[in-house]
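Overview (structure and organization)
So the chains spell out like this:
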There are 2 protein chains.
Amino acid sequence: MTETARPLRRDAQRNRERILLAAHDVFATRGFAATLDDVAHHAGVGVGTVYRRFPTKEALIEALFADRLEDLVSLAEDALALPSGWDGLTMLLRRSVGMHAVDRGLRDAALCIGIDKHHFAKVGEHLLPLVQDIFDRAHAEGSLRADVGIHDLPIIMATVTDLARHTPPGRPEIFRRFLEVVIDGLRASPENGDLGPAITQEDVEAIVHDCVPPIEPRRRT
Amino acid sequence: MTETARPLRRDAQRNRERILLAAHDVFATRGFAATLDDVAHHAGVGVGTVYRRFPTKEALIEALFADRLEDLVSLAEDALALPSGWDGLTMLLRRSVGMHAVDRGLRDAALCIGIDKHHFAKVGEHLLPLVQDIFDRAHAEGSLRADVGIHDLPIIMATVTDLARHTPPGRPEIFRRFLEVVIDGLRASPENGDLGPAITQEDVEAIVHDCVPPIEPRRRT
DNA sequence: ACTAAGTGGAGGTGATTCCTCAACTTCTGC
DNA sequence: GCAGAAGTTGAGGAATCACCTCCACTTAGT
């Protein structure tokens with residue numbers, strides 16, 4: 001396993017980059033549901049070339065998103081730098097929904113963090129404690145309703161970004177509007193009812209699991 | 001066109017009823033995405049029998065849901081009978097989400113009302129004014145935030161019931177919880193920001209259109 | 001100019017859906 | 001009971017879609 005990979009021929013290297021560029025575009029608009037055939041067409045290369053470079057869709061996705069997810073870590077850090085816990089939380093929500101609306105692949109990747117052991121595990125380790133801090137701060141401040149927790153976040157994100165997916169490209173006001181309603185519903189207020197028992201990790205997995213197109217294709221034997 | 005249909009043979013009539021019963025079950029769990037082959041299996045008849053009785057999926061859906069949608073009209077009437085406008089609105093939301101979670105076919109049909117000229121037009125004519133009254137009453141009362149309007153309803157319903165679709169059958173708490181957050185976000189409050197320009201009918205059509213499986217199949221020439 | 005590396009894209013595989021049709025079965029009126 | 005109309009069946013045709021393989025061809029690099 002310590003085998004050093006030989007360097008690619010120059011044309012192959014160029015094609016690899018074209019594929020990654022095309023994949024960025026295609027996954028941004030179609031999310032994980034995009035096909036490698038699609039990517040090949042956009043890159044102007046044959047399908048075979050894509051499969052030679054990235055043996056499975058999984059490999060391409062990892063190459064594409066592993067470090068792009070770091071943007072979310074930066075965002076969380078920025079949110080924690082704000083003086084107000086509430087402002088931090090709402091900034092996290094607004095900005096990440098915005099990013100996910102622009103790049104649906106990023107959205108699918110981000111949702112994977114919470115439900116998948118091996119994909120993007122490293123980013124998850126960085127991100128989750130930050131998000132926890134953001135929630136803790138808002139709770140301590142008394143601005144975030146007490147019965148909402150960190151496990152609600154994936155559900156909110158999945159739901160709002162799914163709406164974003166369906167809204168016409170030119171009208172982001174629509175899902176933003178919905179997000180604002182949700183945000184206002186998250187604010188602690190004496191008028192709020194009680195939400196009952198918290199969401200569990202299993203709930204999140206069960207729900208988010210089929211809000212994301214599968215990375216590995218359906219292979220029936 | 002004034003041709004009187006001959007009465008069905010007795011066994012055919014029995015089969016027709018079995019098909020409708022099975023269709024009820026199948027559409028309840030799979031929504032409009034269910035196939036007529038599915039219905040046939042559940043009914044214990046051949047596919048051909050289903051296609052003989054209901055030439056298209058459309059015909060079966062109309063036969064199934066035309067009057068079941070009246071339940072929503074009754075619900076709206078009940079909501080209007082409550083003394084408080086806010087209670088009426090939240091009852092409409094909670095009960096219809098509950099109904100749609102239990103019967104995904106009903107959900108798809110209800111969403112069709114707002115976006116489709118010819119299906120379920122009659123029910124729509126009854127329902128829409130009632131819903132408008134419910135919103136007007138809550139607005140007049142000052143309990144519903146002023147920048148939310150009737151066109152937000154399909155979007156909210158589509159989003160929350162879509163979440164309901166993904167939640168495990170035994171855990172309705174999850175989408176109910178989310179709905180409560182949304183409801184609390186709809187309440188007028190001095191802390192709320194402004195939502196900006198209202199949703200238009202075109203927005204609703206564009207969004208809800210692809211939140212519902214198409215009634216008519218993809219027929220390429 | 002020779003060879004290993006790389007390429008293209010038609011097409012195999014398998015899943016899924018819609019719907020037809022021709023051989024068969026059952027009902028109903030006489 | 002029987003003729004024939006009405007009804008049934010389910011295998012399978014046709015269309016679509018995604019994944020991926022294969023091998024005759026091209027090209028980089030020494």
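Reading guide: rules and limits
Residues numbered from 1 in each chain as written. Chains lettered and ligands numbered in written order. Predicted model: local features only at pLDDT ≥ 70, side-chain atom pairs only at ≥ 80, totals over all residues. Heavy atoms only, no water. Axes fitted to C-alpha atoms, helices over the stretch in contact; angles between N-to-C directions. Helix = DSSP H or I, 4+ residues; strand = E, 2+ residues; numbered from the N terminus. Parallel < 35°, antiparallel > 145°, perpendicular 65-115°, else oblique. Contact = heavy atoms within 4.5 Å. Nonpolar A, V, L, I, M, F, W, Y, C, P; charged D, E, K, R; others polar. Least-squares fit on C-alpha atoms with pLDDT ≥ 70 in both. Buried area = accessible area lost by both parts, 1.4 Å probe. Salt bridge = Lys/Arg side-chain N within 4 Å of Asp/Glu carboxyl O. Polar contact = N/O pair within 3.5 Å; in protein donor to acceptor, adjacent residues only side chain to side chain.

- An unreviewed UniProt entry lists chain A under the name TetR family transcriptional regulator, with Actinoplanes cyaneus given as the organism.

1. Examining the packing of helix H10 (residues 173-186) of chain A against helix H10 (residues 173-186) of chain B
- Interaxial distance between H10 of chain A and H10 of chain B falls to 7 Å at its minimum, and their mutual angle equals 95 degrees. Comparing the axis directions of H10 of chain A and H10 of chain B gives the class roughly perpendicular. From H10 of chain A, Phe 178, Val 181, Val 182, Asp 184, Gly 185 and Leu 186 of chain A reach across to H10 of chain B, where they touch Phe 178, Val 181, Val 182, Asp 184, Gly 185 and Leu 186 of chain B.
- Class assignment for the residues of the contact of H10 of chain A with H10 of chain B results in eight nonpolar, two polar and two charged.

2. A closer look at the relation of the copies chain B and chain A
- Superposition record for chain B on chain A: RMSD 0.0 Å, screw rotation 180 degrees, translation along axis 0.0 Å. What the superposition gives is, in effect, a two-fold axis relating one chain to the other. When C-alpha positions in chain B are compared against the rotation axis, the closest is assigned to Gly 185 of chain B, at 1.8 Å.
- Mapped onto chain A, 100% of the interface residues of chain B are again interface residues, and the two copies thus contact each other with one and the same surface.

3. A word on the interface of chain B and chain A
- On the side of chain A, 38 residues touch chain B, which itself brings 38 residues to the contact.
- Roughly 3,100 Å² is buried in total at the junction of chain B and chain A, and carbon and sulfur atoms are behind 61% of that figure.
- The largest share of the area that chain B buries against chain A comes from His 166, Arg 177 and Val 181 of chain B, three residues that together contribute 23% of it.
- Between the two partners, chain B and chain A, sit eight salt bridges.
- Here Asp 203 of chain B and Arg 171 of chain A are joined by a salt bridge, their closest N and O atoms 2.4 Å apart.
- Taken together, chain B and chain A are joined by 14 residue pairs in polar contact (both at pLDDT 80 or more).
- Of all the elements in the fold, those that place two or more residues in the side of chain B that touches chain A are helix H9 (152-166), H10 and helix H11 (201-209) of chain B.
- Element by element, the count of residues in the side of chain B that touches chain A is highest for H10 of chain B, at nine residues.
- Among the residues making up the side of chain B that touches chain A, the classes are represented as 17 nonpolar, nine polar and twelve charged.

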